[in-house]
Every structure is written in C-alpha cells, then in structure tokens.
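If you want the building blocks of each chain, they are given just below.
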Amino acid sequence: MTTASGTYTPKPGAAPLPRMIAAQAALETRMLLRNGEQLLLTVVIPTLLLVLFSSVDIVDTGSGKAVDFLAPGVLALAVMSTAFTGQAIATGFERRYGVLKRLASSPLPRWGLMTAKTASVLVTEVLQVILLTAIAFALGWSPHGNPAAVLLLLIVGTAAFSGLGLLMAGTLKAEATLAAANLVFLLLLVGGGVIVPLEKFGPAGQHVLGLLPISALSDGLRDVLQHGAGTPWGDLGILAVWAVAGLAAAGKFFRWE
C-alpha cells in the first residue's frame, strides 16, 4: 500500500489458504523424500520385491508370467507403505515432538494441515507408481484393463490407508506407532495377497484375509491389470468401508498433543 508521501505501509496477514496448503505439502514431500527409513519403505522394499520375485521362481503365482501377478500387488504395497506405514510413523513422531501442536496454532487450519499431508502422500505415490511401472515393463509386464478403474482403486485405497495411519499416529505413542506400523506392514505383506496368492491360505483364510484393505486393493488391481476386468466394485466397496471408518475414527480420536 502506498501513502501520499510515497512510502509503503506493511499489511500483515496470513497468506491465502491454497498457498499455505501448497507450501506445507511441498515441505512434507521434501521431508519424506529425504528420510532414509521412509525411502526404504516406499521405494527400496517394493522395488526389491518386484525384481526378486519376478526373476526367481520362489512363490507359485499361477499360470502366466510372475510379473503380471506381482506388479499389481506391489503397487498396492507401495500405496500402503506411503499412506499408512510412512505417514503413521512420521505423524506419530511429529506429535511426540510437539510439531503438530505448533502447526495447529498457526494460521493453517488443522484440516488444511491434513490436506497438505494427503497431497504429499499423493505426490509420493505418483513417483512410486511411475518407478514401479517402468521396472515392471522392463521385466516384461503386460497390463490390461481400464486406467480409470486403476486410478479409482488407488485413490480409494489411499484414503483407506491414510485414515488408518492417522488413527494410529493420533492415538498411540510414537514408539508404539513405529513398532505397530512396521509389524502391520510385514503381516499384510505376507498375508495380504501381495506376493502370495490368497488361495494358498485355504477357503476360510482366503475369505477373512480378502476383507483386509491391502487384499482388496491387490485383488482389485490384479483383476483389472492382469485379467482385464471392469471396475471391481466389490473390492472398491471394501476399500470404501475402510476409508470411511478409518477417517471418521481418526477425526474423532486424533490427539494433537
């Protein structure tokens, strides 16, 4: 603002909300990509699993090329590693060290902070999908199906895992979140249809494990990308239930201190 004398008077105030959210999202993304443990979970482990199990006949993945079965499951694992495991651990320690408390008192509203975290997760997932897809193509992957159905599965799956990750980070201590998130990651890696087909667990086990979000996302992506099926509404329904329940519980029980 210019006065009659030609000088400038300050006009303090918060930046526009979209700019604050974008700046926070960019910061969250840089912090995530600079964290060695996060990169191990989000990039290194899914890549190694895809390359190893596609190149070495360790697990019986049924007829056809192993990479055609494994690539959709590894994409689902990448979503879980970022939206659930990585976000739960990072947010849990931010809560412990008082970072969330300080951010909650800034001009950026709490829902804006959660939006920025979600945007950071989505940016990271885009990078993961590009990398894993390129590696899968190099290994001979031949995907089929509707890209829109794949995108819808990834978005709803991200919402489901984000809600569960924020619920864990907002209710448990940071050390407990670290242990629980990594344990859940390992258990779902083995029993979620990512590497080992659910049929290997018998009819009862297959029915129960099929209700898990990682199983629904893996099976849905596999139905579309491997078998060329249409939109897998059943798997989307399971993911939607987890997303609504997880986000609602996180919104109710999340503690900022």
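Residues numbered from 1 in each chain as written. Predicted model: local features only at pLDDT ≥ 70, side-chain atom pairs only at ≥ 80, totals over all residues. Heavy atoms only, no water.

- As recorded by an unreviewed UniProt entry, the protein chain carries the name ABC transporter permease and is attributed to Streptomyces sp. 900105245.
- Looking at the protein chain in UniProt, the text filed under Subcellular location (unreviewed entry) is "Membrane". (UniProt positions renumbered as here; feature names shortened; annotations may be inferred.)

1. Digging into the overall build of the protein chain
Okay, step 1: Helix and strand content of the protein chain: 10 helices and 0 strands.
Okay, step 2: In the protein chain, the succession of α and β elements from N to C terminus is α-α-α-α-α-α-α-α-α-α.
Okay, step 3: Dimensions along the principal axes, computed over C-alpha positions, put the protein chain at roughly 80 × 35 × 35 Å.
Okay, step 4: By the burial criterion, 44% of the 257 residues in the protein chain qualify as buried.
Okay, step 5: Within the protein chain, one finds 16 positive and 13 negative side-chain charges whose respective centroids are separated by 17 Å. (Helix = DSSP H or I, 4+ residues; strand = E, 2+ residues; numbered from the N terminus. Buried < 20%, exposed > 50% of the residue type's maximum accessible area, 1.4 Å probe, protein only. Lys, Arg positive; Asp, Glu negative; His and termini not counted. Charge placed at Lys NZ, Arg CZ, Asp CG, Glu CD.)

2. Comments concerning the UniProt feature "domain: ABC transmembrane type-2" (unreviewed entry) in the protein chain
Okay, step 1: Residues annotated in UniProt with the feature "domain: ABC transmembrane type-2" (unreviewed entry) correspond here to residues 33-257.
Okay, step 2: As a span, residues 33-257 carries 77% helix and 0% strand, and end to end its C-alpha atoms are 25 Å apart.

3. Some points on the side chain of lysine 117
Okay, step 1: With respect to the helices, strands and loops of the structure, lysine 117 is situated in helix α5 (residues 110-138).
Okay, step 2: Those residues in contact with lysine 117, other than ones at most four positions away along the chain, are Glu28, Gln87, Thr91, Glu94 and Leu100. (Contact = heavy atoms within 4.5 Å.)

4. Details of the packing of helix α2 (residues 36-55) against helix α7 (residues 174-191)
Okay, step 1: Viewed as axis vectors pointing N to C, α2 and α7 meet at an angle of 10°, and their least axial separation amounts to 14 Å. The angle between the axes of α2 and α7 places the two elements in the roughly parallel class. Facing α2, whose interface residues are Glu37, Leu41, Ile45 and Leu49, α7 presents Leu178, Asn182, Phe185 and Leu189.
Okay, step 2: When the residues that make up the contact of α2 with α7 are grouped by side-chain class, the tally is 6 nonpolar, 1 polar and 1 charged. (Axes fitted to C-alpha atoms, helices over the stretch in contact; angles between N-to-C directions. Parallel < 35°, antiparallel > 145°, perpendicular 65-115°, else oblique. Nonpolar A, V, L, I, M, F, W, Y, C, P; charged D, E, K, R; others polar.)

5. Structural notes on the side chain of threonine 177
Okay, step 1: Counting through the fold element by element, threonine 177 comes out in helix α7.
Okay, step 2: Overall, threonine 177 belongs to the buried group, its relative accessible area being 0%.
Okay, step 3: Of the polar contacts made by the side chain of threonine 177, one reaches the backbone oxygen of methionine 168; its length is 3.5 Å.
Okay, step 4: Ignoring sequence-local partners within four residues, the contact set of threonine 177 consists of Ala88, Ile89, Met168, Ala169 and Leu172. (Polar contact = N/O pair within 3.5 Å; in protein donor to acceptor, adjacent residues only side chain to side chain.)

6. A look at the packing of aromatic side chains
Okay, step 1: Within this structure, the stated rule accounts for 3 aromatic pairs.
Okay, step 2: Taking 6.1 Å as the distance between ring centres and 35° as the angle between the ring planes, the aromatic pair formed by phenylalanine 93 and tyrosine 97 counts as tilted.
Okay, step 3: Ring centres of phenylalanine 254 and tryptophan 256 lie 5.3 Å apart, and the angle between their planes is 70°; on these two criteria the pair is classed as edge-to-face. For the pair shown, phenylalanine 254 and tryptophan 256 are each scored as buried. (Phe/Tyr/Trp six-rings, centres within 6.5 Å; stacked < 30°, edge-to-face > 60°.)

7. Examining the packing of α2 against helix α3 (residues 66-96)
Okay, step 1: Two elements in contact, α2 and α3, have axes whose closest approach is 9 Å; the angle formed by their N-to-C orientations is 165°. Between α2 and α3, the interaxial angle falls into the category roughly antiparallel. In this structure, the crossing between α2 and α3 has a hand that is right-handed. Each of Glu37, Gln38, Leu41, Thr42, Pro46, Leu49, Leu50, Phe53 and Ser54 in α2 lies in contact with α3, whose residues at this interface are Ala66, Val67, Leu70, Ala71, Val74, Leu77, Ser81, Thr82, Thr85, Gly86, Ile89 and Ala90.
Okay, step 2: Residues of the contact of α2 with α3, tallied by class, amount to 13 nonpolar, 7 polar and 1 charged. (Left-handed = near helix turned anticlockwise from the far one by under 90°.)

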